[in-house]
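# Residue-level structure breakdown
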Amino acid sequence: RLARAGEHREQCGENVVFGMRSAKETVYHMLLDDGAPERGHRANLLNPDFRFAGLAFGSHPSAETATVLLLTDHFRAKPPSKAAQIRSVAEDALAEAAVQDEPGALGHDRAA
């Protein structure tokens, strides 16, 4: 997952938990890490080498929710693709056009 978004140096970790309903519950679950003899979730959270984190939370078909936490020692994001750059410029232009088209906006012609 991490390689899709960018590059890391040496260390990375991933914590995945299911069914948690709040951020607090998720962190407690990862810190306690009950039922896992190696306590990998806890080790990842407490690893002082991990300086960057990415988090995703969403619905899950059988467990109600899923949380994915990616941790790494160093991270450099990949540059956006040409398509993403074009899309960003187009979205900005559309947003600017919408603002200019609003009644009362500067440059908007009003009937006298």
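In this text, all values refer to a predicted model and were calculated from it rather than measured experimentally.

### Digging into the overall build of the protein
Per the secondary structure count, the protein includes four helices and five strands. If you list the helices and strands of the protein from N to C, you get α-β-β-α-α-β-β-β-α. Split into buried and exposed, the 112 residues of the protein put 20% on the buried side. Summarising the internal contacts of the protein: among those between residues at least 6 apart in sequence, 54% fall at separations of at least 24. Taken as a whole, the protein presents about 8700 Å² of accessible surface, with 55% of it coming from carbon and sulfur.

### A look at the pairing of strand 2 (residues 12–18)
A regular strand carries its side chains on alternate faces of the sheet. Alternating residues of strand 2 divide into Gly13, Asn15 and Val17, all buried, and Cys12, Glu14, Val16 and Phe18, none buried. Of the pairings in the sheet, the one linking strand 2 to strand 4 (residues 64–72) comprises seven bridges and is antiparallel in character. Looking at the pairing, Val17 lines up with Thr67 of strand 4.

### Digging into the pattern of salt bridges
Scanning the entire structure with this criterion turns up two salt bridges. Measuring nitrogen to oxygen at the nearest pair gives 3.2 Å for the salt bridge that ties Arg21 to Glu64. Here the residue Arg21 occupies a position in the loop between strand 2 and helix 2 (23–32), and Glu64 occupies one in strand 4, the gap between them amounting to 43 residues. Exposure remark for Arg21: the relative accessible area of 61% places this residue in the exposed category. Notably, a salt bridge pairs Arg39 with Asp34, separated by 3.6 Å at the nearest N-O pair.

### A word on the layout of surface pockets
The volume enclosed by the largest pocket comes to roughly 170 Å³. In terms of lining residues, the largest pocket is bounded by Ser22, Ala23, Thr26, Val27, Met30, Leu45, Leu55, Phe57, Thr67 and Leu69. In terms of residue count, the dominant contributor to the lining of the largest pocket is helix 2 (four residues). A per-class count over the lining of the largest pocket returns seven nonpolar, three polar and no charged.

### Here we look at the nonpolar core
Listed in full, the six residues of the largest apolar core are Val17, Met20, Met30, Phe50, Leu69 and Leu71. In this structure, Phe50 is in contact with Gln11, Cys12, Gly13, Asn44, Leu71, Thr72 and Asp73, ignoring residues within four places of it in sequence.

### Notes on the pairing of strand 4
Within strand 4, seven of the nine residues are buried, which leaves it mostly tucked inside the rest of the structure. For strand 3 (residues 52–60) and strand 4, the ladder comprises nine bridges, and the chain directions are antiparallel. Of the residues in strand 4, the one forming a bridge with Gly54 is Leu70. In sequence, strand 3 turns back onto strand 4 through a hairpin of three residues.

The rules behind the values
Residues numbered from 1 in each chain as written. Predicted model: local features only at pLDDT ≥ 70, side-chain atom pairs only at ≥ 80, totals over all residues. Heavy atoms only, no water. Helix = DSSP H or I, 4+ residues; strand = E, 2+ residues; numbered from the N terminus. Buried < 20%, exposed > 50% of the residue type's maximum accessible area, 1.4 Å probe, protein only. Contact = heavy atoms within 4.5 Å. Areas by Shrake-Rupley, 256 points an atom, 1.4 Å probe, with all protein chains shown as cover. Pairing = 2+ DSSP bridges. Salt bridge = Lys/Arg side-chain N within 4 Å of Asp/Glu carboxyl O. 1 Å grid on protein atoms, 1.4 Å probe; cavity = no way out; pocket = protein on both sides within 12 Å on 5 of 7 lines; lining within 4 Å. Points joined across faces, edges and corners; volume = space filled by probe spheres on them. Nonpolar A, V, L, I, M, F, W, Y, C, P; charged D, E, K, R; others polar. Core = buried A, V, L, I, M, F, W, Y, C linked by side-chain atoms within 4.5 Å.

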